[in-house]
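One-letter residues, chain by chain:
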Amino acid sequence: MDEFEKVEKLRQRADVSYEDAKAALTAANGDLLDAMIYLEKQGKTEASKTTEYKSNGTEEKLLPACCEAKKDHKEKAKADGEKFKNFCKDAWKKGNDNEFVMRRKSEVLIKIPVWVLVLVLIFTFHVTLPLMLVSLFFGCKYAFEGKDDLSAANDAMNKVSDAAEKIKEDYFTKSESEKTEE
């Protein structure tokens, strides 16, 4: 590649004048890469113009376009992390402010914070859920108590308890009718 072609290529890549490209190539002994670096250091290329600026007498670095996307991604991840952290704080607060209560014939058998119930269900669901279902057939009732409005959850718990009572009644009425038929 002759000198003219190098100057033209550098001019196009660096978006500089013919004179600047020729001077940079001369300073870099004809090496295109070194000439590009030379131009960037002098602040004559578009890349150098977008990566540095002065504000209030201080020099600050701007990120190239590829790094801007990474920066945006990091900022989004940080915002998502903050949302998750706030969600966890709210869940912890609600878990401490509210309790899960198990009663049988108006007597409180178990009264634990909701977060304890959640942990028990997460780690021992295969034991806890069947025990909870069986206890419904022995007259146990579940409820949530606390600072928050828990009427929707308690309505659901009452429906489950009523369904268990209905199944128990249906079973015993069938059993009694079968015994009378014999």
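This text follows the structure it describes.
A few points on the structure.

Definitions and cut-offs
- Residues numbered from 1 in each chain as written.
- Predicted model: local features only at pLDDT ≥ 70, side-chain atom pairs only at ≥ 80, totals over all residues.
- Heavy atoms only, no water.
- Helix = DSSP H or I, 4+ residues; strand = E, 2+ residues; numbered from the N terminus.
- Contact = heavy atoms within 4.5 Å.
- Buried < 20%, exposed > 50% of the residue type's maximum accessible area, 1.4 Å probe, protein only.
- Pairing = 2+ DSSP bridges.
- Axes fitted to C-alpha atoms, helices over the stretch in contact; angles between N-to-C directions.
- Expected span 1.5 Å × (residues − 1).
- Bend = angle between axes of the 7 residues up to and from the residue.
- Left-handed = near helix turned anticlockwise from the far one by under 90°.
- Nonpolar A, V, L, I, M, F, W, Y, C, P; charged D, E, K, R; others polar.
- Patch = residues over 30% accessible without salt bridge, like charges linked within 9 Å, V, L, I, M, F, W, Y side chains within 5 Å.
- Areas by Shrake-Rupley, 256 points an atom, 1.4 Å probe, with all protein chains shown as cover.
- Salt bridge = Lys/Arg side-chain N within 4 Å of Asp/Glu carboxyl O.
- Arc of directions from axis to C-beta.

## Section: the environment of M102
Tracing the sequence through the fold places M102 in strand β3 (residues 98-104). Sequence-wise, M102 and L136 are 34 residues apart; in three dimensions their C-alpha atoms are separated by 10.0 Å. Setting aside anything within four residues of it in sequence, one finds M102 in contact with E107, V108, L109, I110, S135, C140, K141 and Y142.

## Here's the deal with the side chain of T128
Counting through the fold element by element, T128 comes out in helix α6 (residues 114-136). Judged by its relative accessible area of 13%, T128 is buried. Setting aside residues up to four positions removed in sequence, T128 forms contacts with V120 and L121.

## Description of the sheet that holds β3
The strand order β4-β3-β5 describes an open sheet built from 3 strands, whose pairing is antiparallel. The outermost strands of the open sheet, each flanked by one partner alone, are β4 (107-113) and β5 (140-146). Geometrically, the sheet is characterised by an average inter-axis angle of 25 degrees between neighbouring strands, direction not taken into account. Relative to β4, β3 is paired through 6 bridges, and the arrangement is antiparallel. Paired with E99 across the bridge in β4 is P113. Sheet strands touched by α6: β3, β4 and β5. Its angle to β5, the strand with the most contacts, is close to 155 degrees.

## Section: the environment of K22
Locating K22 in the fold gives a position in helix α2 (residues 18-27). With 18 residues separating them in the primary sequence, K22 and F4 have C-alpha atoms 8.6 Å apart. Apart from the residues lying within four places of it in its own chain, the contact partners of K22 are E3 and V7.

## Some words on α6
For α6, which comprises 23 residues, the first-to-last C-alpha distance of 19 Å sits more than 12% below the rise-based estimate of 33 Å (1.5 Å per residue). Within α6, the axis deviates most sharply at T124, by approximately 115 degrees. Every buried residue of α6 is listed here: V114, L117, T128, M132, S135 and L136.

## Observations concerning the packing of helix α1 (residues 3-14) against α2
Taken N-terminus to C-terminus, the directions of α1 and α2 make an angle of 115 degrees; their axes are 9 Å apart at the nearest point. The two elements α1 and α2 meet at a crossing, and its hand is right-handed. Contacts between α1 and α2 pair E3, F4, K6, V7, E8, L10 and R11 from the former with Y18, A21, K22, A24 and L25 from the latter. Considering only residue class, the contact of α1 with α2 consists of 7 nonpolar, no polar and 5 charged.

## Examining a nonpolar patch on the surface
Together, V118, L119, I122 and F123 line one region of the surface with nonpolar side chains, adding up to about 390 Å² of accessible area. Relative to the helices and strands, V118 resides in helix α6. Take V118: its relative accessible area is 40%, and that puts it in the partly exposed class.

## Structural notes on α2
Among all positions in α2, only A21, A24 and L25 are buried. Each buried residue of α2 sits inside an arc of 100 degrees when the element is viewed along its axis, so together they form one side. Residues of α2 that are exposed and point more than 90 degrees away from the buried face comprise E19 and T26. Here the buried face of α2 lies against α1 and α3 (32-42). Just downstream of α2, N29 is the residue with a positive phi angle, here 55 degrees.

## A short note on the pattern of salt bridges
A full pass over the atoms with the stated rule returns 13 salt bridges. The partner of K44 in a salt bridge is D20, with the nearest N and O atoms 3.2 Å apart. Of this pair, K44 sits in the loop between α3 and α4 (46-51) while D20 is found in helix α2, placing the two residues 24 residues apart along the sequence. With a shortest N-O distance of 2.5 Å, R103 and E145 are connected by a salt bridge. Residue R103 is located in strand β3, and its partner E145 is located in strand β5; the two are separated by 42 residues in the primary sequence.

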